[in-house]
Every structure is written in structure tokens, then in C-alpha cells.
Amino acid sequence: DITSHISIPIDKNIAKKANVILAMDKKQKRALSILFPDFKNKIHLLSELTGSEEEFVDPAGLSGKEKHLKVFSGIQETITRGFPKLLRLATIFSN
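How each quantity is defined
Residues numbered from 1 in each chain as written. Predicted model: local features only at pLDDT ≥ 70, side-chain atom pairs only at ≥ 80, totals over all residues. Heavy atoms only, no water. Salt bridge = Lys/Arg side-chain N within 4 Å of Asp/Glu carboxyl O. Helix = DSSP H or I, 4+ residues; strand = E, 2+ residues; numbered from the N terminus. Buried < 20%, exposed > 50% of the residue type's maximum accessible area, 1.4 Å probe, protein only. Polar contact = N/O pair within 3.5 Å; in protein donor to acceptor, adjacent residues only side chain to side chain. Patch = residues over 30% accessible without salt bridge, like charges linked within 9 Å, V, L, I, M, F, W, Y side chains within 5 Å. Areas by Shrake-Rupley, 256 points an atom, 1.4 Å probe, with all protein chains shown as cover.

**Some points on the pattern of salt bridges**
Stage number 1. Summed over the entire model, instances satisfying the criterion amount to three salt bridges.
Stage number 2. Among the salt bridges present, the one from Glu53 reaches Lys26, with a minimum N-O distance of 3.2 Å. Note that Glu53 is positioned in the loop between strand 2 (43-45) and helix 3 (65-92) and Lys26 in helix 2 (residues 26-35), a separation of 27 residues in sequence.
Stage number 3. Across the salt bridge formed by Glu48 and Lys29, the nearest N and O atoms sit 2.7 Å from each other. With Glu48 in the loop between strand 2 and helix 3 and Lys29 in helix 2, the pair connects residues that are 19 residues apart, well separated along the chain.
Stage number 4. Judged by its relative accessible area of 24%, Lys29 is partly exposed.

Written as C-alpha cells, this is what we have:
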């Protein structure tokens, strides 16, 4: 249940502390790379964890439970399948 989830805007301090920064789509990745050029090597497209370039729609702008569940399911599957790579990336960029 993610109904109580609240997104937090990323800032330089969060970017600096993060081992990995995952973007849901190419536009977000590009924007993050522009905002935080010093941390460009930490910024990845979520789907890159599985060797894909699939883009995920931000569920915050969607209406309807089914649409949210479809996006959530895709994100969950990608993280599950890509978890070994996520761990490697997190270790490479550990502070």
C-alpha cells in the first residue's frame, strides 16, 4: 500500500548523499544530469537496471487505480529483475 507515500524533491544535498539516482524517463534523467552535473555518473534510467530503455509514466499524474497498479507493477518488476545491478551500482558509488 503506497497511498501514504509523499514524494520529496531532490536537491544537491540529497544527490550528493545518494549512491544511485534513478529516473523514470529520459526527460527526468536529462534534467537531473543538467541540475547535478557533478553527479552525472550516479544518474540512471530505472529500466537500465534490466538493460532496457523503457520509460515509466509518473503515476502522480495518472487517475484511476488500474493505471497506478500497472505502473507500480512495471516498476516493481524492473527493480526485482535489476536488483543485482542496483546493488553493484550502489557499491561503486558508496560514500
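**A closer look at the environment of Ile92**
Stage number 1. If you trace the backbone, Ile92 turns up in helix 3.
Stage number 2. Along the primary structure Ile92 and Lys42 are separated by 50 residues, whereas in three dimensions their C-alpha atoms are 9.4 Å apart.

**Observations regarding the side chain of His44**
Stage number 1. Note that His44 resides in strand 2.
Stage number 2. Since its relative accessible area comes to 14%, His44 is described here as buried.
Stage number 3. From its side chain, His44 meets the backbone oxygen of Asn41 in a polar contact 3.3 Å long.

**With respect to the environment of Lys65**
Stage number 1. Assignment of secondary structure puts Lys65 in helix 3.
Stage number 2. For Lys65 and Asp25, which are 40 residues apart along the polypeptide, the C-alpha to C-alpha distance reads 21 Å.

**Points about a nonpolar patch on the surface**
Stage number 1. A surface patch of nonpolar side chains, amounting to about 270 Å² of accessible area, comprises Ile8, Ile10 and Ile14.
Stage number 2. For Ile10, the location among the structural elements is in the segment before helix 1 (12-17).
Stage number 3. Among the residues examined, Ile10 registers a relative accessible area of 31% and is labelled partly exposed.

That is the geometry; function is a separate question.
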